[in-house]
Amino acid sequence: MTRTDVRNETDDPGPSGYAAARLRLLTEEARSGPPRRAALAELTDDWLAGLFTAGARGLRGVSLVAVGGYGRGELSPRSDLDLLLLHDGSDPGAVAALADRLWYPVWDLGLALDHSVRTPAEARKTAGEDLKVQLGLLDARHLAGDLGFTTGLRTAVLADWRNQAPKRLPELRELCADRAERQGELRYLLEPDLKEARGGLRDATALRAVAASWLADAPREGLTDARRRLLDVRDALHLATGRATDRLALQEQDQVAAELDLLDADTLLRQVYEAARVISYASDVTWREVGRVLRSRAVRPRLRAMLGGGKPVAERSPLAEGVVEQDGEVVLARAARPERDPVLPLRAAAAAAQAGLPLSLHAVRHMAATARPLPTPWPAEAREQLVTLLGSGRPTVEVWEALEAEGLVSRILPDWERVRCRPQRNAVHVWTVDRHLIETAVRASALARHVSRPDLLLVAALLHDIGKGWPGDHSVAGEIIAKDVAARIGFDHAEVGVISALVRHHLLLIETATRRDLDDPATVRSVAKAVGTQSTLELLHALTEADALATGPAAWSSWRGSLVADLVRRVAAVLAGDTPDEPEPAAATAEQERLAVEAFRTGGPVLALRARTEPVTDEEPPGGPQPLGVELLIAVPDQPGVLPAVAGVLAVHRLTVRTAELRALRLPGDVDDGSVLLLNWRVAAEYGSLPQATRLRADLVRALDGSLDIAGRLAERDAAYPRRRGWTAPPARVTVAPAASHHATVIEVRAQDAPGLLHRIGTALEKAAVRVRSMHVSTLGSNAVDAFYVTTGTGAPLPEQDAASTARALEETLRG
C-alpha cells in the first residue's frame, strides 16, 4: 500500500475509510515486522490527523499527541492507541467537543483507547505523581495541531525526568522488580507474557527511559534486534488470535510459528528466549551501572573534600592473575593480555564467582573480542578454573550468564550451542536445558563435601543433559558428547570414563528407586552392574539429588530421597561383595492379620484409614495446596477385580495414589481357597479433606458386587475436567522392562495423568488375566509413570509373548 493509497482511503475522516485501509495493510503477506508496524502507525496518524483537523477548525492552543508504544510508532495489529489531547485551558467546552470527535470514531471501530485531556501543567503534574504516565510521555510524538505546544511539553518532560532521575530511577527499578516477581522470567516460561515478564517489552521500554535520563545507558549490541523479535512475535500472536493479548499460550504457538515462517513451536520459543536473555542481561548491566552512578554521586562531595578537591581514584584490589575488583565489579588488570592468555576468561569468571561479584561488561566484551582459544586438551589451570567456577554456588549463575551473553561459553564448550535457550515442554522442569545444567552444578556444589571427586561431580552436572540437543535418548547421546568434552577439557582416560558413565546413568537411581521393587535382587544387581564401582555410585547419588533439585519442586522430596538412599545402600552392599538374598515374604503385622481375619469372616472388604502425622509434600510445589498423607490398608477375600475396584473408588473420592503394594495372605487353618488380599496404599487427598472410612468401605462393597458404576462416575468427571483448547496430550506408551525382576514381569506405563487412570489400567490388566503383585506409582507434573509387577495365576513371570501382548493391549486401551 502506497502513501497515496493511504491518503485516498482516509480522506473521509469517518472510520470506514481507515478500517478498509487498515484491513488491507494487516492482510498483506508481503509486509510484516517493523515495516508493517511503521505503516500502521503512519496510517493511523493520517486518520487521526484528519479527525483532528475536521473537529478543531478555528480552535487554537490545542495539539494531539501520541504517547507510549504508539508514540514510538510501534503499532501491533491489536495495540491500544495511547493519545493525549493537549490544550491551553482557554476553551474547555470546545476542547471537550473535539475530544468526542476524536474518541468516538476510535471506539466505533472496536479499537482499545487510552486517552487523556490535559494542559501542559496538568500533564507535568500527573507525570510527577505517576511514574507510568511519565514513562509514556517520554515517547510523546506530535500528530496534529500546534507543533510548538507539543514540542514544549516534550522538552519540559525530558528535563523533569533528567532532573528527577536520582529519585525516579530507583522507583522504576523497584517497579520492574515487582513485575518480575509477579510474572516470572520470560526466557524460562512455557507460556510467557511477552510484555510483562522479566526480559520482555516492558523492560526494553524501561531501558529506553534509563538512557533518556543520561545517567546510564544499556548495552546496545543485540538489544534492538531482541526488541524487534518480541514485537514481531506479538504481531503474529495478535493476528493468530484476533485478540489484544501478550500471553503466548501453548495452543497458539504452532500457529504463531507458522505466521513467522518458523519450523515449529520450539524454534519460536527458542527465539523468544534468546531475545529475553539479551534484554534481561542488558537490564542487569544497566541497573548495576545506575546503582554505581548514584552511589558515586552520594559520596563524591565528601571524597573531594578529603582529597582537597582532586578527582577520586577508584581502588583496584587483586583477585587473580590479570583480574582485579574495582567499584564492586570484576575487571581486567591493566597488565592483562587476553590475546596471550587463553585461560584468562575462565580465571576471571572463577574469581568473580568466588568473590560473589559481577563480571564487568567491558571486561567480558574485551575478552570475547581478543582472547585466544584454549588448546586441546586444555591446560591443567583451565580445567581447575572451570571446576572452581562450577563449584562457587549461586554466584555461578550470574557469571555464567555474562559469559554466555558475549558468546564465550559456546566458544569454550562448542556443544553448548545445541542446548542454549532450548525449551523443555514438561511441567516438571522450570528451566530451559542450559539453565537447568547450571542449576544442577549449583546444587552439586553444595554436595561436593560428600564425594571424593567433586571435580568429576561438577563437570558431570554441567554435562548430564547435554544430549538433549540431539535426537534419540538424551542419556545415550550425552554419553558420547561427554566423553569428547571431558577429554578436551583434559581429564585422563579413567576420569573420562567416570564422567561419561555419570551422564549415561544420571536417571538410573531415581527411576529405579521410584518404579522398581527394591526387595527384588534382580533390581539391585542390575543397578550395581551399570554403576560398576563404589566411587561412581557415590558420585551418581550426589548427581541424582542435584539434578532433581534443579529440575523443580515435583522432582524431589524427602520420600524420593529416602527411596534413592535405600537403593544406594543396597547397591553398595552388592558392590562390596554381599549377595542379596531372595526376599522372604514379610510377616504380616498384627493389624494386617486382624483385618485379614475380619475380611475372611465377613466375606467382604475391611479397611483401616490412618492419617500421617505431617502433611505430605512429595509432589506439591511450595505454596500450593498440601495434601494430607493417608495410610490405607485394605483386606478383601481374594477375587477378580479387586485392583480396578479399589483404584476406582479412590478416584471417585478424589484420592491420589502415591504407592501401592498387593500381597496374598493365607491364615492358619484356612481352606485352600481361603486366601485374603492385602492392599497397602499411601494416598493423598486431592483437596486436603479425608473421606470417612465407612463411606470408602460402602462404595468398595458396591464396586466389587457391580452395583457402583465407577466407569460412569469417572466419565462424568472426565467430561468436566479442564482441558487446554487446541492441545492434545501425547499418546500413552506401555513397555515391558527386560530382566527387571526374576519373580514377575514389569510393565511400565507412561501416560497423561487424569482421574481414574489407575482404574483403567487395573481393568485392562484384569481383562488380560494377569495378577498384579505390586505397583509403583509416580506422578511428575501432568505425567504418570507407573510400574506394575505382574504374574500369571500361578505366580510366575509372564512368558515373553504374553508379556508383549499384554503391554500392547494395555497401550491400546489407554490410547482409545
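Asker: Which residues make up the confidence of the model for the protein, and what values do they have?
Answerer: For the protein, mean pLDDT is 87; residues scoring 70 or higher make up 89% of the total. For residues 1–11, every residue scores under 50 in pLDDT, and the model assigns this stretch 20 contacts once sequence neighbours within four places are set aside. Scored below 50 in pLDDT, residues 613–628 makes 35 contacts in the model with residues more than four places away or belonging to other chains.

Asker: Outline the nonpolar core, listing residues and values.
Answerer: Inside soluble globular proteins, nonpolar side chains tend to come together where they are buried. One finds L359, W378, W400, L413 and W416 to be the most contacted residues of the largest nonpolar core, which totals 94 residues. Residues contacting L359, with those up to four places away along its chain left out, are R288, V330, A348, A349, A352, V364, V399, A402 and L403.

Asker: Report on the environment of T224, specifying residues and quantitative values.
Answerer: By the secondary structure assignment, T224 is in helix α11 (residues 223–241). T224 gets classed as exposed once you look at its relative accessible area, which sits at 60%.

Asker: Could you give an account of empty space enclosed by the protein, naming the residues involved and the relevant values?
Answerer: What the rule picks out here adds up to six cavities of 30 Å³ or more. One number sums up the size of the largest cavity: a volume of about 60 Å³. Along its surface, the largest cavity is lined by Y281, D284, V285, R288, P358, L359, E398, E401 and A402. In terms of residue count, helix α13 (residues 265–306) provides more of the lining of the largest cavity than any other element does, four residues in total. Residue composition of the lining of the largest cavity, grouped by class: five nonpolar, no polar and four charged.

Asker: Describe the environment of L84, and please don't skip the residues or the numbers.
Answerer: For L84, the position within the fold is in strand β2 (residues 81–87). Along the primary structure L84 and L143 are separated by 59 residues, whereas in three dimensions their C-alpha atoms are 10.0 Å apart. Dropping the residues within four chain positions of it, L84 is found in contact with S63, L64, V65, V67, S116, R118, L137 and L153.

Asker: Report on helix α28 (residues 642–652), specifying residues and quantitative values.
Answerer: Within α28, 11 of the 11 residues are buried, leaving the element largely enclosed by the surrounding structure. Among the residues making up α28, those that are buried are V642, L643, P644, A645, V646, A647, G648, V649, L650, A651 and V652. One or two positions beyond α28, positive phi appears at R654, with a value near 60°.

Asker: How would you explain the packing of aromatic side chains if you had to name every residue and give the values?
Answerer: Tallying each qualifying case throughout the model produces four aromatic pairs. Considering the side-chain rings of Y188 and W431, the 4.8 Å spacing of their centres and the 90° angle between planes classify their relative orientation as edge-to-face. One end of the pair, Y188, is in the loop between α9 (165–183) and α10 (201–213); the other, W431, is in the loop between α18 (408–412) and α19 (433–445), and 243 residues separate them in sequence. Classification of Y188 by relative accessible area gives buried; the value is 9%. On the accessibility criterion, W431 (21% relative accessible area) is partly exposed. R141 extends its terminal NZ or CZ atom over the ring of Y70, reaching a point 5.3 Å from the ring centre.

Asker: I'd like a description of the sheet that holds strand β5 (residues 316–320), backed by residues and values.
Answerer: An order of β5-β6-β7 is seen for the three strands of this open sheet, with the pairing classed as antiparallel. Here the strands that pair on one side only, and so sit at the sheet edges, are β5 and β7 (329–332). Each adjacent strand pair in this sheet contributes to an overall mean axis angle of 40°, direction not counted. In the sheet, β5 pairs with strand β6 (residues 323–326) via four bridges, with the strands oriented antiparallel. Residue pairing in the sheet places P318 in a bridge with V324 of β6.

Asker: Please provide a residue-by-residue account of the pattern of salt bridges, values included.
Answerer: Throughout the structure, instances matching the rule amount to 50 salt bridges. Across the pair D235 and R37 runs a salt bridge, and its minimum N-O distance is 2.7 Å. Of the two residues, D235 sits in helix α11 while R37 sits in helix α3 (residues 33–55), which places them 198 residues apart along the sequence. The exposure class of R37 is buried, given its relative accessible area of 4%. Between R288 and E329 there is a salt bridge, with the nearest N and O atoms lying 3.0 Å from each other. With R288 in helix α13 and E329 in strand β7, this pair connects stretches of sequence that are 41 residues apart. Here R288 and E329 have matching classes, each one buried.

Parameters and conventions
- Residues numbered from 1 in each chain as written.
- Predicted model: local features only at pLDDT ≥ 70, side-chain atom pairs only at ≥ 80, totals over all residues.
- Heavy atoms only, no water.
- pLDDT = per-residue confidence, 0-100.
- Contact = heavy atoms within 4.5 Å.
- Core = buried A, V, L, I, M, F, W, Y, C linked by side-chain atoms within 4.5 Å.
- Buried < 20%, exposed > 50% of the residue type's maximum accessible area, 1.4 Å probe, protein only.
- Helix = DSSP H or I, 4+ residues; strand = E, 2+ residues; numbered from the N terminus.
- 1 Å grid on protein atoms, 1.4 Å probe; cavity = no way out; pocket = protein on both sides within 12 Å on 5 of 7 lines; lining within 4 Å.
- Points joined across faces, edges and corners; volume = space filled by probe spheres on them.
- Nonpolar A, V, L, I, M, F, W, Y, C, P; charged D, E, K, R; others polar.
- Phe/Tyr/Trp six-rings, centres within 6.5 Å; stacked < 30°, edge-to-face > 60°.
- Lys NZ or Arg CZ within 6 Å of the ring centre and 35° of its normal.
- Pairing = 2+ DSSP bridges.
- Axes fitted to C-alpha atoms, helices over the stretch in contact; angles between N-to-C directions.
- Salt bridge = Lys/Arg side-chain N within 4 Å of Asp/Glu carboxyl O.

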